[in-house]
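# Structural description and commentary
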2 protein chains.
Amino acid sequence: MSDVVAQLREALGDRVDTDPAALQVARADKSGHAAASAPLAVVRARTVDDVQQTMRIATRTGTPVVARGAGTGLAGGANAGAGEIALSLREMDRIVEVRPDDLIAVVEPGILNGDLDRALAEYGLWWAPDPASRDIATVGGNIATGAGGLLCAKYGVVRDAVLGVDLVLADGRLLRLGHRTVKGVTGLDLTSLVIGSEGTLGIVVGATLKLRRRVPGDVHTIAAVFPDVRAAAEASAAVTAAGIQPAIMELMDAACLAAVHALLGMQAPPAGTAQLTLQTDGPASADEAEAIAELLRRRGGEVAVSADPAEGERLLRIRRSMHPAMETLGTTLIEDVSVPRSALPAMFDEIARIERAYGIVIPTVAHAGDGNLHPNFVFDAEPDAAGIVAVPPAVWDAADELFRAALRLGGTLTGEHGVGVLKSRWLADELGDDQWELQRQITRVFDPAGILNPGKVFAR
Amino acid sequence: MSDVVAQLREALGDRVDTDPAALQVARADKSGHAAASAPLAVVRARTVDDVQQTMRIATRTGTPVVARGAGTGLAGGANAGAGEIALSLREMDRIVEVRPDDLIAVVEPGILNGDLDRALAEYGLWWAPDPASRDIATVGGNIATGAGGLLCAKYGVVRDAVLGVDLVLADGRLLRLGHRTVKGVTGLDLTSLVIGSEGTLGIVVGATLKLRRRVPGDVHTIAAVFPDVRAAAEASAAVTAAGIQPAIMELMDAACLAAVHALLGMQAPPAGTAQLTLQTDGPASADEAEAIAELLRRRGGEVAVSADPAEGERLLRIRRSMHPAMETLGTTLIEDVSVPRSALPAMFDEIARIERAYGIVIPTVAHAGDGNLHPNFVFDAEPDAAGIVAVPPAVWDAADELFRAALRLGGTLTGEHGVGVLKSRWLADELGDDQWELQRQITRVFDPAGILNPGKVFAR
């Protein structure tokens, strides 16, 4: 047993887990990528002091630390490998405070987004940031990746919903960043800097969240099928351009739609068919749904509108079944580019071009309301001895073309999944070398010895 | 003429202004504070290249640079003094691009917020960030201070409405931070870091703004008078706690209200009377106005509701006349603390206590919807030979008590005006020494020689 593990055990006792199965789990997230070998230990922190003690030992011994929530990331950002400590925040899952009068909650990072939102519902409050993984992903992971979700065009991303974070630095010191007020401009906005920093600046051990009231009134669900994906993409861009703001606007291309129909045992749609699924909410919900339906019909969509919650849930279920349906097709690399909304049709053209050029299928779903696409690169590959499936070089080449196309269209490499280990080699392409170097220097202010999540984000 | 000015002149010709009147203007903003003497020159940049050339000369000669917009700041953050270059962005005021389909605009920093919004109205678009100074303050100044305004509880602060900024570093390099997409998590969020950084990280030479559609439907205005300020504060907190979200909710205490009535030649309200002025908008505007009116009546308010735009404007005019009314009372130090909304009544108790303890009058207006208060410390003082009025030490002592009370109540030193030169001595009280030092080190990554707005924010 290494000296580091011995020191951790002395300080933290049974919070230090070296069970081989636990170490294997900590190597991977849901991206399909895993570290080449297992970490030294998984520390299951229960208190801020546990985190501080872990970081002091890490600093003293020069040991890298990988912060980890529920392990649902899609970029390998929380994967821990040889010689590293996996610091799990999952057991720090308390709701510390709920203030309906101030529309804030103070929580620990390990609570699941869905659990938090259900607890807030009792107060009529709503935790709006809603990654599709909300029921299995933590608030801390949401903050670490700057995650998005389905509702962002209308209700914002997680950065818009966090007022402050408590951060343990690499050397174990605790900083309280941000504030409890709607407004506050005292010094630099380090809260926003930490959101999306993927464990490179410190360990988030608490967060003060800006809540919304639950939206009153009926939700209307609109499903529209189009003969091809370009028509669906143009229609979605037209909804935004017309000035109507649905809460949700999801697009599924033909390959996605066919796979989901097969999975759910539904009759196959005509070849090439793409689908838009939208929801409107709030006091103008019915009027907005009618206006959207009319616009989609004029653009050749076959449209169904429903105010019935059960029917709405049934329609959205097709979208929600995307990831299980992809798993039936083979191994997938789930990508995450984002483009200005008007560029959605052009981005779908680029995806079709890359499919032809590489002879691969790239079923794609898009949060069309905000221009965020998830192309799924499907491939066949055998797991290695450790059970890990490597992405073939040709798939990375195709992904490289996808990233460059998104940048050309004014977009970005990653809308909501983060850079992690999978995209670090493209980071400087988007940021430019000067900004890349400046960002790396900022991480060094927080973490001079470079022990926080090394090999991620700023590795190249 | 100094060597620096000679170099500026050679590079920038008539964009270098050394007219004594221009230099005097650059010493001060609207805080009442001014630098002890005048800067070397005012550079009136017209292009990004002008800014880069200025910064290269500044770096080469070790000359401090103070970025400046319209000079409407309230914390002295843009005041330029001896040996410094005042770099005015006011003439860089173009709208570079408007994209209604993507809900974005790209602008230069010198455009006035009001001018931008009027130009966007033609497209049905809205630039929501609305400092009370919107018609005289620039978008760049709004970004530099992280400004707020009247609509923030419902429509957010400026940080929520900026997707990217173009930043010239101290050494003249240009960085493009952020993105054009709704979502984007590629690397650290330097855009948010720059917002509110008050000229300490670089010179903002362009911004990509996230726009809203103009809100359809009628606006309803509610005015309610209460026998004392505590009753009005409790009523405003009750509106928030009841889950109704007005677009505007402004509170004026008795001293404010009396001064405005006198200024406008209106009949004086009964002694002690405080007023709430609210507006509701959007599709539920009428219902929300009625619910708010009913709640305020139950709490003892004398309430008037109007859907007539002219009458609404008349009611809001009382609030908008605050600053001119204060000027009739004497010299004022306009403060800017922010507290959680539930703490508004307690904060008004603290202000009353400080008034008694120091024998001074502190007329206070509050953006009650978001807990941001502007106490006005009124005092008599003669201008010095340079025309500058110094805030008396006793007034600073009273302000010091105000800041500490706000922090005790879970609040912040400055909700929207910034730290500038006036609040830098309190900055570490809120941040703590560790965070203060970390923030200062981050500024050094952007500006290793410390030539960007020295003596502001992080001076102590």
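Residues numbered from 1 in each chain as written. Chains lettered and ligands numbered in written order. Predicted model: local features only at pLDDT ≥ 70, side-chain atom pairs only at ≥ 80, totals over all residues. Heavy atoms only, no water.

### Quick notes on the nonpolar core
Put simply, the rule reads: Remark: nonpolar core denotes a set of buried residues (Ala, Val, Leu, Ile, Met, Phe, Trp, Tyr, Cys) joined through side-chain atoms within 4.5 Å. Working definition: with a 1.4 Å probe on protein chains only, accessible area under 20% of the residue-type maximum means buried, over 50% means exposed, and in between means partly exposed. Here, two residues are considered to be in contact whenever any of their heavy atoms come within 4.5 Å of each other.
Counting residues in each nonpolar core, the largest one holds 80 residues, and the members touching the most others are W127(A), L193(A), F446(A), W127(B), L193(B) and F446(B). If near-sequence neighbours (up to four positions away) are discounted, L193(B) is found in contact with L188(A), D189(A), L190(A), L193(A), I442(A), L201(B), I442(B) and F446(B). Ranked by size, the runner-up nonpolar core spans 49 residues in total, among them V303(A), V339(A), A343(A) and F377(A).

### Remarks on the packing of aromatic side chains
Residue and element names in this part refer to chain B. Here is the rule we go by: Aromatic pairs are defined between Phe, Tyr and Trp rings, using the six-membered ring for Trp, whenever the two ring centres lie within 6.5 Å; interplanar angles under 30 degrees are classed as stacked, those over 60 as edge-to-face, and all others as tilted. Each helix is a run of H or I in the DSSP string that is no shorter than four residues. Each strand is a run of E no shorter than two, and both are numbered from the N terminus.
In this structure the tally under the stated criterion is eight aromatic pairs over all chains. A centroid spacing of 4.7 Å and a plane angle of 75 degrees characterise the contact between F403 and W426, whose relative ring orientation is edge-to-face. Remark: W426 occurs in the loop between α14 (393-408) and α15 (427-431) and F403 occurs in helix α14; sequence separation between them is 23 residues. Residue class for F403 comes out buried when judged on its relative accessible area of 0%. Under the relative-accessibility criterion, W426 is labelled buried at 3%. With a centroid separation of 6.2 Å and an interplanar angle of 70 degrees, the aromatic rings of W436 and F458 are classed as edge-to-face.

### Quick look at the interface of chain B and chain A
The line we're drawing: As used here, buried area is the combined drop in accessible area, with a 1.4 Å probe, of two parts when they are placed together. In the sections that follow, a salt bridge refers to a side-chain nitrogen of Lys or Arg positioned within 4 Å of a carboxyl oxygen of Asp or Glu. In the analysis that follows, any N or O atom pair within 3.5 Å is treated as a polar contact, provided that within protein one partner can donate a hydrogen and the other can accept it, and provided that, for residues neighboring in sequence, both atoms belong to side chains. Residue classes follow a fixed rule: Ala, Val, Leu, Ile, Met, Phe, Trp, Tyr, Cys and Pro count as nonpolar, while Asp, Glu, Lys and Arg count as charged, and any other residue, Gly among them, counts as polar.
Each partner contributes to the interface: chain B provides 74 residues, whereas chain A provides 74 residues. Summing the contributions of chain B and of chain A, the shared interface buries around 5900 Å²; its carbon and sulfur component is 61%. When residues of chain B are sorted by the area they lose upon contact with chain A, K183(B), V185(B) and L188(B) head the list and together hold 15% of the total. Along the contact surface separating chain B from chain A lie eight salt bridges. Notably, a salt bridge pairs D434(B) with R173(A), separated by 3.3 Å at the nearest N-O pair. The interface formed by chain B and chain A includes 34 residue pairs in polar contact (both at pLDDT 80 or more). Of all the secondary-structure elements, those providing two or more residues to the side of chain B that touches chain A are α6 (152-155), β9 (174-178), α7 (190-194), α8 (229-241), α15 and α16 (433-446) of chain B. Counting residues per element, the side of chain B that touches chain A draws most heavily on α16(B), at nine residues. Split by residue class, the side of chain B that touches chain A holds 27 nonpolar, 29 polar and 18 charged.

### Topic: the pattern of salt bridges
Taken as a whole and judged by the stated rule, the model has 68 salt bridges over all chains. We note a salt bridge from R46(A) to D14(A), for which the minimum N-O separation is 3.6 Å. You can see R46(A) sitting in the loop between β2 (41-44) and α3 (48-61) and its partner D14(A) sitting in the loop between α1 (3-12) and β1 (16-17), a full 32 residues away along the chain. Residue classification places D14(A) among the exposed positions, given a relative accessible area of 59%. For E290(B), the salt bridge identified is with R297(B), shortest N-O distance 3.8 Å. Each of D14(A), R15(A), R46(A), D50(A) and E91(A) takes part in one network of salt bridges that share partners.

### Re the domain arrangement of chain A
For interface size, the figure often reported is the accessible area lost on association. All names here are of chain A. Note the threshold: An automatic or database domain assignment supplies the residue ranges for each domain.
Partitioning chain A into domains gives domain 1 (2-88), domain 2 (95-213) and domain 3 (220-408). For domain 1 versus domain 3, the separation of C-alpha centres amounts to 36 Å. Residue-level contacts link four residues of domain 1 with four residues of domain 3. When the buried area of domain 1 at its contact with domain 3 is split by residue, R27, G32 and L74 rank highest and sum to 66% of it. Our enumeration of links across domain 1 and domain 3 arrives at zero salt bridges. For the pair domain 1 and domain 3, the interface holds zero residue pairs in polar contact (both at pLDDT 80 or more).

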